[in-house]
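A look at the structure
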Amino acid sequence: MIPHAQNSSAEPAEDEPSAASSPTPAPPAPPEPDAPPGDAPPPNGAKAENAVASEGAGETDAADDLSTAAANAAEDSAEGVANAVEDSAEGVADAVEDSAEGVADAVDTVKDAAGTTAGEGAEKTVRLLNDFQDISFLQIGLIVAGTWLAIWLIRKTLPYLADRGPSQLRLTLLGLVPIARLGLLTLAILWVGRIIFIVTRENVLFVAGAASVAIGFAFKDYVSSLIAGIVAVFEKPYRPGDWVKLGDHYGEVMGVGLRTVALRTPADDAVFVPHSTIWTENVANSNDGARTLMCVADFYLAPDHDAERVRAALTDVALTSAYLGYEQSAVVMLAQTPWGTHYKVKAYPFDMRDQFAFISDLTVRGKQAVAEAGGVEAAAPASAPALA
């Protein structure tokens, strides 16, 4: 079949060159003898299409490669992050486990230390006392009996000598009683304690701690009085033979014990006041270790009288008293008040144990002297100021 022969009668298109005028086209190249019939080379258009297709296929392959590379990179990154997270988690877990083991070891160490301390404390407690067979109870009994006998002799002998010896030594002898008793008790306690206890520094601290707890919870007031008694022995705010006022009680100090002080009131009552009173109350001591004290007799007269004459009469009364001590002078003082004149006769008895008899003698003879001097007694109001 030849196509150009069939189209020779038709008019050729103006724009297209005619087949007759165009040179004879070159015959198509014979196919390669070795190429199969199906593999014949495509024409130019097909080549272009194939090139375009090949180019598109190449772009597609490049895109696929890029996608694959991105996917691989993302996968690698995810695996790296996962591995990093896993490694971090393992590190944290290891750290927590190490910390827990450290805490457990510390707790075990504390338990071991506490157990060791408790064991040592129990051992020391067991060793606080001497062996029972090594304690000499006969020696303890002799110490207690000897101490009691010595204190009894001191409490009987020294007051006896004070009452019958020179008056200058009375208060000195009486003041030796509490000091000697305190010294003997301290010596006996230390002696007996050394027989019963193993005296070491640890035991002393242990006993002191236990005693502190007991004192703090149960014997606070008692121990406070004991400590105040020791302070009173050395500071001497009062001593046997003194006339003192403790709280609401006034009287002569008959004895100074470890916990209380014994007073004998003018009404002959025995009053025992705890030494701890000195922590909270003032102590009024009338003689403070002296052998005598001042006695005062009060007189209240109406204003209309001869004051000079009355004063001279009261002075004569004081100087002629049988109880007067002549070591110090007698004084008569007076003060004018709205309700009258207040007289005070101040003098010292020879023996302070006669103070009430001395005041009574001054009062009885003073009233008589005032009457003879023309004075008239008046009733003083309850709110009258005291005359020193």
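Now for a look at the structure at hand. Since the structure is predicted, the reported quantities are computational estimates derived from the model, not experimental observations.

**With respect to the sheet that holds strand β8 (residues 340–347)**
On the basis of which strands lie adjacent, the open sheet formed by three strands has the order β6-β8-β7 and antiparallel pairing. Each edge of the open sheet carries a strand with a single partner, namely β6 (295–301) and β7 (331–337). Across the sheet, the axes of successive neighbouring strands diverge by a mean angle of 20°, strand direction being ignored. One ladder, built from seven bridges, connects β6 with β8; its direction is antiparallel. Within β8, the residue paired with Cys295 across the bridge is Ala347.

**Looking at the packing of aromatic side chains**
What describes a pair of aromatic rings is the distance from one ring centre to the other and the angle between the planes of the rings. Counted by the stated rule, this structure contains three aromatic pairs. Members of the aromatic cluster, each reached through a chain of ring pairs, are Trp243, Tyr250 and Phe356.

**Digging into the pattern of salt bridges**
Taken as a whole and assessed by the stated rule, the structure comprises eight salt bridges. The salt bridge partner of Asp242 is Arg239, with a shortest N-O separation of 3.1 Å. Taken individually, Asp242 and Arg239 each receive the classification buried, so the pair is uniform in this respect. Taking the shortest distance from any N to any O, the salt bridge between Asp351 and Arg353 comes out at 2.7 Å.

**Section: the side chain of Thr292**
Tracing the chain through its elements places Thr292 in the loop between β5 (283–285) and β6. Take Thr292: its relative accessible area is 16%, and that puts it in the buried class. Of note is the side chain of Thr292, whose polar atom sits 2.7 Å from the backbone oxygen of Pro349. Not counting residues within four places of it along the chain, the set of residues in contact with Thr292 comprises Asn287, Gln328, Tyr348, Pro349 and Met352.

**A look at the packing of helix α4 (residues 170–196) against helix α6 (residues 220–235)**
Following both chains from N to C, one finds α4 and α6 inclined at 130°, their axes separated by 10 Å at the closest point. Regarding the angle of α4 to α6, the classification is oblique. The two elements α4 and α6 meet at a crossing, and its hand is left-handed. On the side of α4, the interface is formed by Pro178, Ile179 and Leu182, while α6 contributes Ile230, Val233 and Phe234.

**A word on α6**
With 16 residues, α6 extends 22 Å between its outermost C-alpha atoms, agreeing within 8% with the 22 Å of an ideal straight helix rising 1.5 Å per residue. Residues of α6 that are buried include every one of Val223, Ser225, Ala228, Gly229, Ala232 and Val233, and no others. On the buried face of α6, the contacting elements are α4, α5 (201–217), β4 (270–274) and α7 (277–280). The positive-phi residue at the C-terminal boundary of α6 is Lys236, with phi of around 55°.

**Some points on the side chain of Thr265**
Inspection of the secondary structure assignment puts Thr265 in the loop between β3 (260–264) and β4. If we ignore the near neighbours within four places in the chain, the residues touching Thr265 are Tyr250, Gly251 and Val271.

**Things to note about empty space enclosed by the protein**
Per the stated rule, a full pass over the model turns up two cavities of 30 Å³ or more. In this model, the largest cavity occupies a volume close to 60 Å³. What lines the largest cavity is simply Gly175, Pro178, Ile179, Ala232, Val233, Lys236, Tyr238, Arg239, Pro240 and Val256. Every element with two or more residues in the lining of the largest cavity is listed here: α4 and α6. At three residues, α4 tops the list of elements feeding residues into the lining of the largest cavity. Considering only residue class, the lining of the largest cavity consists of seven nonpolar, one polar and two charged. If you trace the second largest cavity, you find it lined by Pro178, Arg181, Leu182, Gly229, Val233, Val256, Gly257 and Leu258. Those elements that provide at least two residues to the lining of the second largest cavity are α4 and α6. Here the lining of the second largest cavity takes three residues from α4, the largest share from any one element.

**Observations concerning the sheet that holds strand β2 (residues 249–256)**
One open sheet accounts for five strands, arranged β4-β3-β2-β1-β5; its pairing is antiparallel. The open sheet has two free edges, formed respectively by β4 and β5, since each of these has just one partner strand. Strand-to-strand twist across the sheet, computed as the mean angle between neighbouring axes with direction ignored, equals 40°. Pairing geometry for strand β1 (residues 243–246) and β5, over three bridges, is antiparallel. Pairing of Val244 across the sheet is with Asn285, part of β5.

Rules and cut-offs
- Residue numbering note: each chain is counted from 1, following its sequence as written.
- Local features in this predicted model are restricted to residues of pLDDT 70 or higher, and side-chain atom pairs are both shown and tallied only at a pLDDT of 80 or more, whereas totals for entire chains, interfaces and linings draw on every residue.
- As a rule here, side-chain values come from all non-hydrogen atoms in the structure, and water together with hydrogens is ignored.
- A pair of strands is considered paired only if DSSP assigns at least 2 bridges between the two.
- What counts as a helix is a DSSP run of H or I of at least four residues, what counts as a strand is a run of E of at least two, and both are numbered from the N terminus.
- Only the stretch in contact is used when fitting a helix axis, every axis being a line fitted to C-alpha atoms; angles between N-to-C directions are given from 0 to 180 degrees.
- For Phe, Tyr and Trp, where Trp contributes only its six-membered ring, two rings pair if their centres lie within 6.5 Å, and the inter-plane angle classes them as stacked under 30 degrees, edge-to-face over 60, or tilted in between.
- One speaks of a salt bridge when a side-chain nitrogen belonging to Lys or Arg is within 4 Å of a carboxyl oxygen belonging to Asp or Glu.
- For every residue, the accessible area obtained with a 1.4 Å probe (protein chains only) is divided by the maximum for its type, and the residue is called buried under 20%, exposed over 50%, and partly exposed between those limits.
- Pairing of N or O atoms within 3.5 Å defines a polar contact, subject to two protein rules: one partner must be a possible hydrogen donor and the other a possible acceptor, and residues neighboring in sequence count only if both atoms are side-chain atoms.
- Between two residues, a contact is recorded if the distance between any of their heavy atoms is within 4.5 Å.
- Roughly parallel covers angles under 35 degrees, roughly antiparallel covers those over 145, roughly perpendicular covers 65 to 115, and oblique covers all other angles.
- By definition, any crossing whose near helix is turned counterclockwise from its far helix by less than a right angle is left-handed, and any crossing with a clockwise turn is right-handed.
- One less than the residue count of a helix, multiplied by 1.5 Å, gives the span that helix is expected to have.
- Points on a 1 Å grid, built from protein atoms alone, make a cavity when a 1.4 Å probe fits but cannot get out and make a pocket when they are open with protein on both sides within 12 Å along at least 5 of 7 lines; residues with an atom within 4 Å of a point are the lining residues.
- Grid points are joined across faces, edges and corners, and a volume is the space filled by probe spheres set on the points.
- Classification used: nonpolar for Ala, Val, Leu, Ile, Met, Phe, Trp, Tyr, Cys and Pro, charged for Asp, Glu, Lys and Arg, polar for all others including Gly.

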